[in-house]
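Take a look at the letters that make up each chain.
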Amino acid sequence: MLLTFARNQEKALALWLKNFVLTMQEFFLFSVRTFISFPKVKRYWRDVLDQATICGTDSIPIVLVSAISIGSLLAIEVGNLLEDFGAKTMLGRSTSLSVIRELGPLLMGLMLSARFGSRNGAELGAMQISEQIDALRAFGTDPVAKLVMPRLVAALIMFLPLTALSDYAGLQSAAYMAEHYHRLDPGIFWNAVYPRLAPKDFVVGFLKAPVFAIIITLVSSFNGFSARGGTAGVGRSTIKGIVVSSGLVLIANFYVSKIVLENM
Amino acid sequence: MIELRNVGLKYGDKVILKNVSLTVRDNTIKAILGPSGVGKSTILKLMLGLIKPNSGQVIVDGTDITNMKEASLYSIRRKMGMVFQGNALFDSLTISQNLGFFLRENMKLPVEEINRRVLEQIQFAGLEGYEDQLPESLSGGMRRRVAIGRALIFKPHMILFDEPTAGLDPVSSKKILSLISSLRHNNNLGAVIVTHIIDDVFNVADCVAVLYQGEIIFDDVTEKLHEAQHPFIRSILSDKILEL
């Protein structure tokens, strides 16, 4: 009985591995097809504009809320900590590094994974199960060029200004908290920010924007295209897209920081 | 002409089609009859090259499309118009935009010509006054007529219908069937109709192939279906609508 159980587990593991490898292969080909269709961007510029509005302009409120929230909290907590060491004047330095290098881009990535990624997954999943994607193919339109490439181009364009906005809002809210909560003079706060920031701090933060754009768009769109099994299937594929892209955003955040900081 | 030669297809361990061979000639209406979930719609997708068989060949107008790359298939697919079971209309586009979508996307036609063809299909489908409505505001029969119009608009040689009357009320079904008949008589179009409703076959089809357990068990002119001795065909002739 134990042997049968072990054999069943082995079979299940082999099947899981096979499916995983197949999915990775499909995802790779899907990504290649998306990048290959970039020359068609001129043809689908209207779709790019639509997607830029969805992932850019419409995402501003959620990006602002998360940036202001994290900037304020960071200023309060780090300020309390620095006060114990009599180093409150370093508050600008520590919060600006955290916001620009790490928390600004990371929170923006996670928020956009939830907002833009879920929209992609649900919309493309619904199109898949209602055969609209098959209809595009049946009538001679490449669905990847029409539906995925414009989303990726829009994300690549819009994630950069969103990162800048997230950094700006995070720093402003930190400065506000420094002045009103910790009674720190704004001049001291900003003097600790500007002269100390090095180019690599901006490179780390802004390099994450295109990396997150690629991860979120491709993972959520791939899961939408892979939706099967009715409305429940759309739900499953959307959740999978958000979970996987959020996980990959966290991993990519670590590696981008590590690689850039070690090499600059 | 579309030909399937010894086509086999499996999804995982599940066998969908076993050694299926059938021919659809130009200017004829061929029905593919069988119970739900037996692989009838899969045959239409094979004809369009939307899925590839595990074995056998799919030949369209003498060209083997079995292993053709996606980009090369687009020119083949434009010879066929497809009407999907759920219509597959783009729900964010109006009726006019749905009808003209593929002309704008894939054919370098002047705007006036696109508008003329869209108007022609709106009149053909009897949808005057609904041009600017979204698909969700139309009835099932109207949506089906839009889907047919969309398939016809780029003037294909053959139309593929996936369950054209499924989910429609009897009046709408009758309208759709007479529309299909008129396509052959007025436009000289061939058609493949996938259905599980035997009355539809007798109403419009010149010939019929019966798909049962992944195999073609009958393939001849519709009138000869009454002479078939296969127990499954005898049972469906008495029940009229296939249900499993």
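Not measured: the values here are computed from a predicted model. In every chain, residue numbers begin from 1 and rise along the written sequence. Going through the entries in the order they are written, you letter the chains from A and number the ligands from 1. With pLDDT at 70 or above as the cut-off, local features in this predicted model cover only qualifying residues; side-chain atom pairs require 80 or more to be listed or tallied, and sums for whole chains, interfaces and linings still use all residues.

## So, the overall build of chain A
- In this text, helices come from DSSP runs of H or I with a minimum length of four residues, and strands from runs of E with a minimum of two, each type numbered from the N-terminal end. Within chain A one finds 9 helices and 0 strands.
- Walking chain A from its N terminus toward its C terminus, one meets helices and strands in the order α-α-α-α-α-α-α-α-α.
- Dimensions of chain A, computed from C-alpha atoms along their principal axes, come out at roughly 65 × 60 × 35 Å.
- The buried share among the 264 residues of chain A stands at 41%.
- If you take every contact in chain A between residues at least 6 apart in sequence, the share linking residues at least 24 apart comes to 87%. Buried residues are those with 20 or more other C-beta atoms within 10 Å of their own C-beta, exposed residues have 12 or fewer, and partly exposed residues lie in between; C-beta atoms are placed from the backbone. It is the C-beta atoms, placed from the backbone, that decide contacts: two residues are in contact if theirs lie within 7 Å.

## Remarks on the sheet that holds strand β5 (residues 63–64) of chain B
Residues and elements named next belong to chain B.
- In this scheme, strands are said to pair when DSSP sees at least two bridges between them. Read from one edge to the other, the open sheet built from 4 strands follows the order β2-β1-β4-β5, with strand pairing classed as antiparallel. Two strands bound the open sheet, and with one partner strand each, they are β2 (14–24) and β5.
- Between the N-to-C directions of two axes lies an angle of 0 to 180 degrees, each axis being a line fitted to C-alpha atoms and, for a helix, fitted only over the stretch in contact. The strands that helix α1 (residues 40–48) touches are β1 (2–11), β2 and β4 (55–60); relative to β1, the one it contacts most, it runs at about 120°.

## Details of the sheet that holds strand β7 (residues 158–162) of chain B
Residue and element names in this part refer to chain B.
- Strands sit in the order β6-β7-β8-β3-β9-β10 across an open sheet of 6 strands; the sheet is mixed. Every interior strand has two partners, whereas the edge strands, β6 (80–83) and β10 (215–221), have only one. Taking the axes of each pair of neighbouring strands and ignoring which way they run, one obtains an average angle of 15° across the sheet.
- When strand β3 (residues 29–33) meets strand β9 (residues 207–212), the two strands line up parallel, connected through 4 bridges.

## What about the pairing of β3(B)?
Residue and element names in this part refer to chain B.
- A large share of β3 lies buried, amounting to 5 of its 5 residues.
- Burial along β3 is two-sided: the face carrying I29, A31 and L33 and the face carrying K30 and I32 are both buried.
- Of the pairings in the sheet, the one linking β3 to strand β8 (residues 190–195) comprises 5 bridges and is parallel in character. Opposite A31, over in β8, you have I193 as the bridge partner.

## Thoughts on the pairing of β1(B)
Residue and element names in this part refer to chain B.
- Sheet topology note: the β1/β2 ladder contains 7 bridges and is antiparallel. Across the sheet, residue V7 finds its bridge partner in β2, namely V20.
- Where β1 folds back onto β2 in an antiparallel hairpin, the turn is made up of 2 residues, including G12, whose phi is positive at roughly 65°.
- Two elements, β1 and β4, share 5 bridges in a ladder whose sense is antiparallel. Within the sheet, the bridge partner assigned to R5 lies in β4 and is Q57.

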